[in-house]
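# Architecture and fold: a report
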Amino acid sequence: MADSSSYEIDLGNLMAFNPHYSFDPESSREELVTQALEQGTVLAQAVADALFNLPSSQDPDGPIVSLPAPTTKMPRSKPLPKPKPPTKWELFAAKKGIQKRQKEKLVFDEQVGTWKRRHGYDRVNDDNDIPIIEAKATDEPGTDPFEQRQKEKKSRVDKQEKNRLQNLKQASKMGALPSHIQLAATALPITGSQGNPKKISKEELQKVAGMASSATASGGKFDKKFSDEKPPKHEKKYRKFLPAVEGSGMGALERQQTEKVLNKLISQHSHEVLNVQKAVNMYNMKKEKRQRKQGEGSASNKFKVNKKSFKKSSKSHPTNKRKSK
């Protein structure tokens, strides 16, 4: 056996390698398999010995060791992702020298007098918390300031969505779209793959639309439907439960359900419950009794005389009597 110092052991990846060993090219397949198993056993033992030489700490489950950093660079299964192109805001910030700084999550709201979140639900300076809006000199008479604020907010959201789509379009040209967007858009190939764009079929579109419609917490129950939208197909079977309130036929349903479970359990252990020898003997005995009865019946029928009654059947026939006037 070779010395363990001749092995290259990487405890970070829990692997070992013997650079001085070579397989005989003229050996058969069975011999190669045997040699590979022997060398694998030796290398696994070398890794185990190196692990037990590391400093350990006691634990109720056993000794625990800290593995060192890996020394062997493992190859990637996928190619490196392409760098994401900068967005319009990132280009503008780099041009103007604007640096990104971390903002605090909580901000003091002077209108309410409490600390609130900067963004999200119950945020600071929320439009719902403003009871009165002062009119400006430039405001047109008859305009609703609250409705005007909602329109401005909607325009800001639409503008942000437009910028986001433009950034994604620019990233798709450079082949640096995020993987989740590439998987959603099935017409685009995955980054690094050589697949050609495929045409989306009608079935795929219906499937994706059904998944998207039922992706909400309520399963799409309270979402708005189009006029010609069809309900999504339910491929799986619906589970059936017994009614919670007792009524007519409840006992029979429960009995059927119980018998079904018992029959299933008994059928799984039928080889333990059924005595085959006893069943065969009972079947043979019943068969012999049936044959014996049939034989006795046929013998008694031979000696019987068919007695026919010679009496005429008296049937009263109605007679038509004429009445004399």
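Scope of this entry: the structure provided in the associated data block. Bear in mind the structure is a predicted one, so any value in this text is a computation, not a measurement.

## Description of the overall build of the protein
The helix and strand tally for the protein stands at 8 helices and 6 strands. In the protein, the order of α-helices and β-strands from amino to carboxyl end is β-β-α-β-β-α-β-β-α-α-α-α-α-α. Expressed as a percentage of the 325 residues in the protein, the buried residues total 9%. Approximately 31200 Å² of the protein is accessible, and the part contributed by carbon and sulfur atoms is 55%.

## Quick look at the pattern of salt bridges
Side chains bearing opposite charge may pair, as long as their charged atoms lie close to each other. For the coordinates displayed, the defined rule picks out 4 salt bridges. With its nearest N and O atoms 3.3 Å apart, the salt bridge here joins Lys116 to Asp122. Where Glu161 meets Arg164, a salt bridge forms, and the shortest distance between an N and an O atom there is 2.8 Å. In this pair, Glu161 and Arg164 both sit in helix 3 (residues 145-173), 3 residues apart, roughly one turn of the helix. Residue Arg164 is classed as partly exposed on the basis of its relative accessible area of 40%.

## Quick notes on the pairing of strand 6 (residues 114-117)
Strand direction decides the pairing type here: strand 5 (residues 106-109) and strand 6, joined by 4 bridges, are antiparallel. Residue pairing across strands places Phe108 opposite Trp115, the latter belonging to strand 6. Between strand 5 and strand 6, which pair antiparallel one after the other, the connecting turn spans 4 residues, and Gly113 there sits at a positive phi close to 85 degrees.

## Concerning helix 1 (residues 29-52)
End to end, helix 1 covers 35 Å across 24 residues, agreeing with the expected 34 Å (1.5 Å per residue, within 8%). Inspection of helix 1 places Gln39, Val42, Leu43, Ala46, Val47 and Ala50 among the buried residues, and these make up the whole buried set. Contact partners of the buried residues in helix 1: strand 1 (8-10) and strand 2 (15-17).

## A few points about a positive patch on the surface
There is a patch of like positive charges on the surface, built from Lys286, Lys287, Lys289, Arg290, Arg292 and Lys293. The class of Lys293 is exposed, set by a relative accessible area of 63%.

## Regarding a nonpolar patch on the surface
A cluster of nonpolar side chains, Val261, Leu262, Leu265 and Ile266, forms an exposed patch at the surface whose accessible area comes to about 350 Å². Relative to the helices and strands, Ile266 is located in helix 6 (residues 250-268). According to the relative accessible area criterion, Ile266 is partly exposed, its value standing at 47%.

## Things to note about unusual backbone geometry
Of note in the backbone geometry, Leu14 takes a positive phi value of approximately 55 degrees without being a glycine. When you line up the elements, Leu14 lands in the loop between strand 1 and strand 2. The phi dihedral of Asp122 falls on the positive side, at around 55 degrees, and the residue is not glycine. Mapped onto the elements of the fold, Asp122 is located in the loop between strand 6 and helix 3.

## Observations concerning the packing of aromatic side chains
Enumeration over the complete set of coordinates arrives at 3 aromatic pairs. Considering the side-chain rings of Tyr21 and Phe23, the 5.1 Å spacing of their centres and the 90 degrees angle between planes classify their relative orientation as edge-to-face. Residue class for Phe23 comes out partly exposed when judged on its relative accessible area of 42%. Residues Trp89 and Phe92 carry aromatic rings whose centres are separated by 5.8 Å and whose planes lie at 35 degrees to one another, so their mutual orientation is tilted. One end of the pair is Trp89 and the other is Phe92, both in helix 2 (residues 88-96) and 3 residues apart, which spans about a single turn.

## Side note on a negative patch on the surface
Residues Asp24, Glu26, Glu30 and Glu31 make up a contiguous surface patch of negative charge. Residue Asp24 is classed as partly exposed on the basis of its relative accessible area, which comes to 41%.

## Quick notes on the nonpolar core
In this structure, Tyr7, Leu11, Ala16, Val42, Leu43, Ala46, Val47 and Ala50 together form the largest nonpolar core, which totals 8 residues. Beyond its immediate stretch of four places on either side in the chain, Val47 contacts Ile9, Leu11, Leu14, Met15 and Ala16.

Rules and cut-offs
Residues numbered from 1 in each chain as written. Predicted model: local features only at pLDDT ≥ 70, side-chain atom pairs only at ≥ 80, totals over all residues. Heavy atoms only, no water. Helix = DSSP H or I, 4+ residues; strand = E, 2+ residues; numbered from the N terminus. Buried < 20%, exposed > 50% of the residue type's maximum accessible area, 1.4 Å probe, protein only. Areas by Shrake-Rupley, 256 points an atom, 1.4 Å probe, with all protein chains shown as cover. Salt bridge = Lys/Arg side-chain N within 4 Å of Asp/Glu carboxyl O. Pairing = 2+ DSSP bridges. Expected span 1.5 Å × (residues − 1). Contact = heavy atoms within 4.5 Å. Patch = residues over 30% accessible without salt bridge, like charges linked within 9 Å, V, L, I, M, F, W, Y side chains within 5 Å. Lys, Arg positive; Asp, Glu negative; His and termini not counted. Charge placed at Lys NZ, Arg CZ, Asp CG, Glu CD. Phe/Tyr/Trp six-rings, centres within 6.5 Å; stacked < 30°, edge-to-face > 60°. Core = buried A, V, L, I, M, F, W, Y, C linked by side-chain atoms within 4.5 Å.

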